[in-house]
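Reading the structure
Here are the chains, one letter per residue:
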Amino acid sequence: MRESEGVVKVLLEEKEIPDCWYNIQADMPELPPPPLNSATRQPVSPEDLTAVFPLGLIEQEISQERWIDIPGEVLDVYRLWRPTPLYRARRLEKALKTPAQIYYKYEGVSPAGSHKPNTAVAQAFYNKKAGIKKITTETGAGQWGTALSIACCFFGLECKVYMVRVSYDQKPYRRSFMEAYGAKVIPSPSPYTEAGRRVLEKDPNSLGSLGIAISEAMEEAINNKDTNYSLGSVLNHVLLHQSIIGLEAKAQMEKIGVYPDVVIGCHGGGSNFAGIAFPFLKDRFEGKNVRAVAVEPLACPTLTKGAYLYDYGDTAGFTPLLKMYTLGHDFVPPGIHAGGLRYHGAAPLVSKLYHDGYIEAKAYGQLEVFKSLVFFARNEGILPAPESAHAIHAAIIEAEEAREKGDERVILFNLSGHGHFDLTAYEAYLNNELDNVTYSQAMVAKSLETVPKIEV
Ligand SMILES: *Cc1c(COP(=O)(O)O)cnc(C)c1O
């Protein structure tokens, strides 16, 4: 046998799955300002949230406990695909002729093909425990809807998914994927809700957006007692559940005696980025030198071009007002292929940390991102999701910088999902049909005009 050049894959044993989630609220130098009730503009009370969320999740949303136990029922499901592998991208390093070490955590091994089941399973569990019968949600690229469909199926809950119109048309197989687990899938905007009808009246050909789909899903949950709503990103409890990614990655790197100089994740609402980065930021608060980089599309530049304001999480204004980087809740992003990154806001926890200088943000166009994605696939074998490719692109830029500067930095990124359902996007790229869509500061200023003016 040919002698190995060293570690390519670091695995943990099943019994090494972390048994707690990490809550960064315990360690942040300053907490984000509280969500506000949209009617009273006072901080939301837990009671404000009980119409759509179970108590278990509301408690986690506001908890400042550092470690939160993962229930055994949730761990039992996690065990189906966790711990996920950590890879060293040796072939990519060689192709780039970089002295840097590149590691990636691969979340594409879950049944949904992304990191999203980490929170879907937890959310389904707490809803079931609270006696809820049905969960509504929105989905963009389809990954969240798929994750929740699987989770609801495991815990015996009905699942109804409002799917952003452009994705519904671009990704018909995603719908079948969700329906296979028993979910109901409806293109959004739909004629079945007040919020959907309002959009369709103005624009019958609306491409939809996550904001609109959230409005529709929330409306149904608010109007039905046995129905709750579930969000796949942005909220504190979602970021908490995703911390399992970074906790595992940390244990895996520890096993081989390395520690990252920079941790990278793509950024839509902020959950997979937070998942990989927050456990490392814990060390940064304790004085360790580690950078965290969130990567977004130029077409939806929430962190890099948005404003740090109180805004709604949805188009119709059903959600509480969240202090976050936002492009404005009316923002309808261009129909780029990284559908999972087309959200107008950023998680309040990520926003606050970015605002306070603990996180860096970068934005790239889909053309350069796809180039890196194909380069990665041809060297590492895995076919990544277009969303994840933003993290890959940033990692490659870091590795090239290391080559120029001659430093041996250690790069860790999260490969949030595989791209097996994104082949129409690959097709467009390979046929030279992709454009670099950008969103200018002037367009941002315009979409921010509708954001409520709140001084805090
Ligand atoms: C949904 C999704 C994202 C973006 O969501 P975040 O909450 O920002 O993580 C990124 N990658 C994949 C594969 C996704 O499915």
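No experiment lies behind these values; they were computed from the predicted model shown.

On to the overall build of the protein. Regarding its fold elements, the protein presents 18 helices and 15 strands. Relative to the globule expectation of 23 Å for 456 residues, the C-alpha radius of gyration of the protein, 20 Å, shows essentially globular dimensions. Summarising its shape, the C-alpha atoms of the protein cover approximately 65 × 50 × 45 Å along the three principal directions. When each of the 456 residues of the protein is scored for burial, the buried share is 63%. Nonlocal contacts in the protein, meaning residues at least 24 apart in sequence, comprise 77% of its contacts between residues at least 6 apart. Just so you have it, the protein exposes about 17600 Å², and 50% of that area is on carbon and sulfur atoms. In the protein, 46 positive and 55 negative side-chain charges are present, and the distance between their average locations comes to 3 Å.

Our next topic: the side chain of asparagine 414. Assignment of secondary structure puts asparagine 414 in strand S15 (residues 410-415). Since its relative accessible area comes to 0%, asparagine 414 is described here as buried.

Quick look at the sheet that holds strand S14 (residues 360-364) now. Pairing in this open sheet of seven strands is mixed, and the strands run S1-S4-S5-S15-S10-S11-S14 from one edge to the other. In the strand order of this sheet, the two ends are held by strand S1 (9-10) and S14, each with one partner. Bridge count between strand S5 (residues 101-106) and S15: six bridges; the pairing is parallel. Counterpart to tyrosine 106 in the pairing with S15 is leucine 415. Relative to the sheet, helix H12 (residues 271-285) contacts S5, strand S10 (262-266), strand S11 (291-297) and S15, its axis offset from that of S10 by approximately 155°. Contacts between helix H16 (residues 386-405) and the sheet are confined to S5, S10, S11, S14 and S15, with S10 contributing the most and set at about 150° to the helix.

Rules used in this analysis
- Every chain's residues receive numbers from 1 upward, in the order its sequence appears when written.
- For this predicted model, a pLDDT threshold of at least 70 governs which residues receive local features, and a threshold of 80 or more governs which side-chain atom pairs are given and counted, while totals over whole chains, interfaces and linings are taken from all residues.
- Processing note: side-chain calculations cover all non-hydrogen atoms of the structure and skip hydrogens and water entirely.
- Only DSSP runs of H or I with at least four residues qualify as helices, and only runs of E with at least two residues qualify as strands; both kinds are numbered from the N terminus onward.
- Taken over C-alpha atoms, the radius of gyration is set against a globule rule of 2.2 Å times the number of residues to the power 0.38.
- For the exposure calls, accessible area comes from a 1.4 Å probe over protein chains only, and a residue counts as buried if that area is under 20% of its type's maximum, exposed if over 50%, partly exposed in between.
- By definition, residues are in contact when any of their heavy atoms lie within 4.5 Å.
- Areas reported as accessible are Shrake-Rupley estimates using a 1.4 Å probe. Residue values count occlusion only from the protein chains shown.
- For the charge count, each Lys or Arg is scored as positive and each Asp or Glu as negative, with His and the chain ends excluded.
- Lys charges are placed at NZ, Arg charges at CZ, Asp charges at CG and Glu charges at CD.
- Paired strands, in this sense, are two strands between which DSSP finds at least two bridges.
- Only the stretch in contact is used when fitting a helix axis, every axis being a line fitted to C-alpha atoms; angles between N-to-C directions are given from 0 to 180 degrees.

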